[in-house]
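Spelled out from the first residue to the last, the chains are:
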Amino acid sequence: MTKHKWMLWGMLFAICTPFALIASDETREAPLRFEENKHCFQCHSQKFYTYENEVTGKTDRKAMNPNFVYSPEAFYEGVHRNFACTDCHSPDYETFPHQAELRFEEMYQCLDCHGGDPTYAKYNFEVVEEEFHKSVHSTRHSEDFNCWMCHNPHSYKRMTAGDHSISEIVKYHNQTCMGCHADSYNFQRISDDVKPSLQNIHSFLPNFELHFSSVRCIECHTSKLDTLWVKHNILPKEEAVRNCVECHSTNTLLMGSLYKYQNLASRKERGFLNSVILNEAYVIGANTNKFMNLGSYIIFGLTLLGIIIHTIFRLKK
Amino acid sequence: MSEKLYLYPVWLRLWHAFNALLILSLIASGLIIQNANVDSMLLRFDLSISIHNVSGVLLSVNYLFFILGNVITGNIRFYILEWKGLMGRLIQQSNYYMKGMFNGEQTPFPVNKDRKFNPLQKVSYIVAMYVFVPLVIITGLALIFPETILPRVVGFSGIQLTAMLHATAGFLISIFLMVHVYICTTGKPISKNFKSIVTGWHE
Ligand code: HEM
């Protein structure tokens, strides 16, 4: 092989390595506490569970409270995948029947572990908490509404960690909200109100389905001034975005929120600001393509010029 | 050559009038939507969307009316291309528009009861009515029912591609419209063709 070819191979390798590293991020190592958790999951991932009845000496088979059933797959995809159940819950849960007082156990909050820790500085936990406390959820329901309401302790995962498309991100984020707002059972765990369906509330939007699958609820329900990628300050409904051109224009608010993370990522890779919008969704008004615009002005101008020249000749005759 | 010909029956004139109005409304609302911005809007975005959608659906219905009318009344015969020698005829007609006309020559393809359009007119009407308009209608209806669109086509958003095709077809129709209206002024007197499409009679 010539020297040049070697150089080419070297370059190819150098270019590919980062991608290979990113890809390998997906196939992460086995979770640390997998074996320990098997014991809890034996019951807490099943509809029915069995145990040895020490009094009768028989094996009883009982139905599990469906709210206490969690998927191990989801748990091990989540941010706390390396945890043992007993890191957050009392080790006394190892015994069954669980002791009655365990029920009164006080749960950790995010900030108990993440507060003031420089490892997590990039997530701005303190700012998020502050924002959350300003939100309608917190102000109207104080303590009963906490971070765990949206950050399911047994499945919350970070969408920016994997290579997710915008529509997947939107879906995941919106499911968080719909978990309550489209499910009266969950909603009523917190409030006795009965709300009209989301579709009725948002009847001002045409193509309801399409909008809800391509923009996040928080795009309209948080402040535009907030600069975090996941804004936590849900505003009262009167302040929600209703004006179509906030999104449907070249200076679309989506650039600073939903598309922000992907834009930053893709700008690094491709140096092309519009790349995400161009590939992911078509936002009327926001997707004006420079080249198509230029082309159409030129054709329009030439046609007009042709007509004018022709008219002049007709007049001269 | 001063015989009076009844070339534009009532149904055709009605179709044409609606068609022209709807296309104008579509172009105007389409431009507003496409150039939307936060500070200055000629018309509210959601209203423009509604106008655009309603006009589009009416245009589609009107288009069906055009096709049916053409087939039933036989008006379609004016749209059938004689391929043989077409190129020569097109050049002949172009020459008339580019030179002959200014020298006071007679049009090479005068209108008679079997020939409503000159070759250039015919080709441009065929392209507009059987390529651009159907394209704009199909892509437009697809955008109203986005669930019918393939979500991804070779890595691009299907909606994105459909919308680009739609905007391009719309743009080409606008260009056609400019040229069409201008060419119609070449009658003698200038108002002649416009009178025809209103009264139905070619004089
Ligand atoms: C303000 C707008 C318009 C004006 C003033 C106008 C004017 C005219 C006139 C004067 C004629 C009769 C001359 C001829 O037969 O060539 C005509 C015919 C025709 N126009 Fe237009 N037009 C307009 C818009 C349009 C549009 C938007 C379309 C299609 C997209 C269109 C398609 C046609 C067709 C197909 C004919 C021939 C109809 C037939 O006889 O079968 N026109 N128009």
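Residues numbered from 1 in each chain as written. Chains lettered and ligands numbered in written order. Predicted model: local features only at pLDDT ≥ 70, side-chain atom pairs only at ≥ 80, totals over all residues. Heavy atoms only, no water.

### Comments concerning the pairing of strand β2 (residues 59-63) of chain A
For a regular strand, the rule is simple: side chains alternate between the two faces of the sheet. Residues and elements named next belong to chain A. Convention followed: We treat two strands as partners when DSSP finds at least two bridges between them. Under the DSSP-based scheme used, a helix requires at least four consecutive residues in state H or I and a strand at least two consecutive residues in state E, with every element numbered from the N terminus.
The pairing of strand β1 (residues 48-52) with β2 spans five bridges and is classified as antiparallel. Residue pairing in the sheet places tyrosine 49 in a bridge with lysine 62 of β2. Between β1 and the antiparallel strand that follows it, β2, lie six residues; glycine 57 among them carries a positive phi value of about 80°.

### Quick word on the environment of A:Ser138
Residue and element names in this part refer to chain A. Test applied: For every residue, the accessible area obtained with a 1.4 Å probe (protein chains only) is divided by the maximum for its type, and the residue is called buried under 20%, exposed over 50%, and partly exposed between those limits. For the purposes of these results, a polar contact is taken to be a pair of N or O atoms within 3.5 Å, where, inside protein, one atom must be able to donate a hydrogen and its partner to accept one; residues adjacent in sequence count only when each atom of the pair is a side-chain atom.
Relative to the elements of secondary structure, serine 138 occurs in helix α7 (residues 136-141). Judged by relative accessible area, serine 138 falls into the buried class, the value being 7%. Through-space distance from the C-alpha of serine 138 to that of alanine 161 is 27 Å; in sequence the pair is 23 residues apart. Among the polar contacts made by the side chain of serine 138, one reaches the side chain of histidine 133 at a distance of 3.2 Å.

### Description of the site of the ligand
All names here are of chain B. Definition in use: For this purpose, a residue is taken to be near a molecule or strand whenever a single non-hydrogen atom of the residue falls within 4 Å of it. Any residue outside Ala, Val, Leu, Ile, Met, Phe, Trp, Tyr, Cys, Pro, Asp, Glu, Lys and Arg is labelled polar, Gly included; the first ten of those are nonpolar and the last four are charged.
Taken together, 22 residues surround the ligand, and among them His16, Lys116, Gln121, Tyr125 and His180 come closest. A distance of 2.7 Å is found between an oxygen atom of the ligand and a side-chain nitrogen or oxygen belonging to tyrosine 79. With respect to the ligand, the side chain of histidine 180 contributes an N or O atom lying 2.8 Å from a nitrogen atom. Counting residues per element, the shell around the ligand draws most heavily on helix α1 (residues 10-34), at six residues. Class assignment of the residues belonging to the shell around the ligand gives a composition of 15 nonpolar, six polar and one charged.

### Points about the nonpolar core
Just so we agree on the cut-off: In plain words, nonpolar cores are sets of buried Ala, Val, Leu, Ile, Met, Phe, Trp, Tyr and Cys residues tied together by side-chain atoms within 4.5 Å. By definition in these notes, contact holds between two residues if any of their heavy atoms fall within 4.5 Å.
Among the nonpolar cores identified, the biggest contains 26 residues, and B:Phe66 and B:Tyr79 are the most heavily contacted of them. For this core, the secondary-structure elements that each account for two or more residues are α1, α2 (45-73), α4 (119-144) and α5 (158-184) of chain B. The greatest single-element share of this core, amounting to eight residues, is contributed by α4(B). Beyond its immediate sequence surroundings of up to four residues, B:Phe66 is in contact with B:Trp11, B:Leu12, B:Trp15, B:Tyr79, B:Met129 and B:Tyr130. In terms of nonpolar packing, the next biggest core, distinct from the first, is built from nine residues, A:Ile166, A:Leu253, A:Leu258 and A:Val283 among them.

### Things to note about the coordination of the iron atom of the ligand
Residues and elements named next belong to chain B. Threshold: Sites may look incomplete, because water is not among the atoms used; the donor set itself consists of N, O and S atoms within 2.8 Å of the metal (3.2 Å for Na, K and Ca). Four donors are marked tetrahedral only if all angles between them lie between 85 and 135 degrees, whereas four are marked square planar and six octahedral if opposite donors are more than 155 degrees apart and the other angles lie between 65 and 115; the remainder are marked irregular.
Within the protein, the iron atom of the ligand binds to His16 (NE2) and His180 (NE2); these donor distances fall in the range 1.9 to 2.0 Å. Given six donor atoms and angles of 87 to 179° at the metal, the environment of the iron atom of the ligand is assigned as octahedral. In this pair, histidine 16 is assigned in helix α1 and histidine 180 in helix α5, connecting sequence segments 164 residues apart. Take histidine 16: its relative accessible area is 23%, and that puts it in the partly exposed class. Histidine 180 sits in the buried class, given a relative accessible area of 17%.

### A look at the confidence of the model for chain A
Residues and elements named next belong to chain A. Rules: Residue-level confidence of the predictor is summarised by pLDDT, bounded by 0 at the bottom and 100 at the top.
Put simply, chain A has an average pLDDT of 81, and 81% of its residues get 70 or more. In the model of chain A, helix α14 (residues 275-280) stands out as the element of lowest mean pLDDT, 45, in contrast to helix α4 (residues 85-88), which has the highest, 94. Contacts from residues 10-26, a stretch scored under 50 in pLDDT, to residues over four places away or in other chains number three contacts. Here residues 266-279 scores under 50 on pLDDT; set against residues more than four positions off or in separate chains, the count is 27 contacts.

### Section: a nonpolar patch on the surface
Residues and elements named next belong to chain A. This is how the line gets drawn: Exposure above 30% relative accessible area and the absence of a salt bridge qualify a residue for a patch, where like charges join within 9 Å and nonpolar side chains (Val, Leu, Ile, Met, Phe, Trp, Tyr) within 5 Å. A 1.4 Å probe and the Shrake-Rupley method give the accessible areas. Residues count as covered only by the protein chains that appear here. The working definition used for a salt bridge is a side-chain nitrogen of Lys or Arg within 4 Å of a carboxyl oxygen of Asp or Glu.
A cluster of nonpolar side chains, Leu294, Ile298, Leu302, Leu305, Ile309 and Phe313, forms an exposed patch at the surface whose accessible area comes to about 580 Å². Structurally, leucine 302 is set in helix α15 (residues 290-316). The class for leucine 302 is exposed, based on a relative accessible area of 55%.

### A word on the environment of A:Leu258
Residues and elements named next belong to chain A. Its place among the elements puts leucine 258 in helix α13 (residues 258-270). When the C-alpha atoms of leucine 258 and glutamate 219 are compared, they prove to be 7.3 Å apart, with 39 residues separating the residues in sequence. Once you skip the residues sitting within four places of it in the chain, leucine 258 turns out to touch Ile166, Val170, Ser214, Val215, Arg216, Glu219 and Trp229.

### Some thoughts on helix α6 (residues 125-134) of chain A
All names here are of chain A. Selection criterion: The directions considered for the arc run from the helix axis to the C-beta atoms.
Within α6 the residues assigned to the buried category are Phe125, Val128, Glu131 and Phe132. Each buried residue of α6 sits inside an arc of 125° when the element is viewed along its axis, so together they form one side. In this fold, the buried residues of α6 make contact with α5 (110-114) and α7.

### A short note on unusual backbone geometry
Note the cis peptide between A:Phe96 and A:Pro97, where omega equals -10°. Topologically, A:Pro97 is positioned in the loop between α4 and α5. Geometrically, the link from B:Lys188 to B:Pro189 is a cis peptide bond, its omega value of -5° lying close to zero. By the element assignment, B:Pro189 lies in the loop between α5 and α6 (192-199). Residue A:Asn124 is not a glycine yet carries a positive backbone phi of 50°. Despite not being glycine, A:Asn207 shows a phi value in the positive range, around 50°. Residue placement: A:Asn207 occurs in the loop between α10 (198-201) and α11 (208-214).

### Quick notes on the packing of aromatic side chains
Aromatic ring pairs are defined here through the distance separating the ring centres and the angle between the ring planes. Put simply, the rule reads: Note on aromatic pairs: the rings of Phe, Tyr and Trp (six-membered ring only in Trp) are paired at centre separations within 6.5 Å, and the planes decide the class, stacked below 30 degrees, edge-to-face beyond 60, tilted for the rest. Geometrically, a charge over a ring is one whose NZ (Lys) or CZ (Arg) sits within 6 Å of the ring centre while staying within 35 degrees of the ring normal.
A complete count under the given rule lists 24 aromatic pairs over all chains for this structure. With 6.3 Å between their ring centres and 85° between their planes, B:Trp11 and B:Phe65 make a pair best called edge-to-face. Here B:Trp11, found in helix α1, pairs with B:Phe65, found in helix α2; they are 54 residues apart in sequence, far enough to count as distant. Take B:Trp11: its relative accessible area is 15%, and that puts it in the buried class. Linked through ring pairs, B:Trp15, B:Tyr63, B:Phe66, B:Phe78, B:Tyr79, B:Phe117, B:Tyr125, B:Tyr130 and B:Phe176 together constitute an aromatic cluster. For the cation-ring pair, A:Arg242 lies above A:Phe204, with the distance from its terminal atom to the ring centre recorded as 4.9 Å. Over the aromatic face of B:Trp201 sits the side chain of B:Lys4, whose NZ or CZ is 5.3 Å from the ring centroid.

### Digging into the side chain of B:His166
In this fold, B:His166 is placed in helix α5. The class for B:His166 is buried, based on a relative accessible area of 19%.

### Re the pattern of salt bridges
Oppositely charged side chains can form a pair if their charged atoms are brought close together. All names here are of chain A. Going through the model one piece at a time under the given rule, you end up with eight salt bridges over all chains. With a closest N to O distance of 3.0 Å, lysine 134 and glutamate 131 form a salt bridge. With lysine 134 and glutamate 131 both in helix α6 and three residues apart, the pair spans about one turn of that helix. The class of lysine 134 is partly exposed, set by a relative accessible area of 48%. Arginine 216 is the partner of glutamate 219 in a salt bridge, and the nearest nitrogen-oxygen pair spans 3.1 Å. Just as glutamate 219 is buried, arginine 216 falls in that class too. If you follow the salt bridges from partner to partner, you end up with Arg33, Glu36 and Asp87 in one network.

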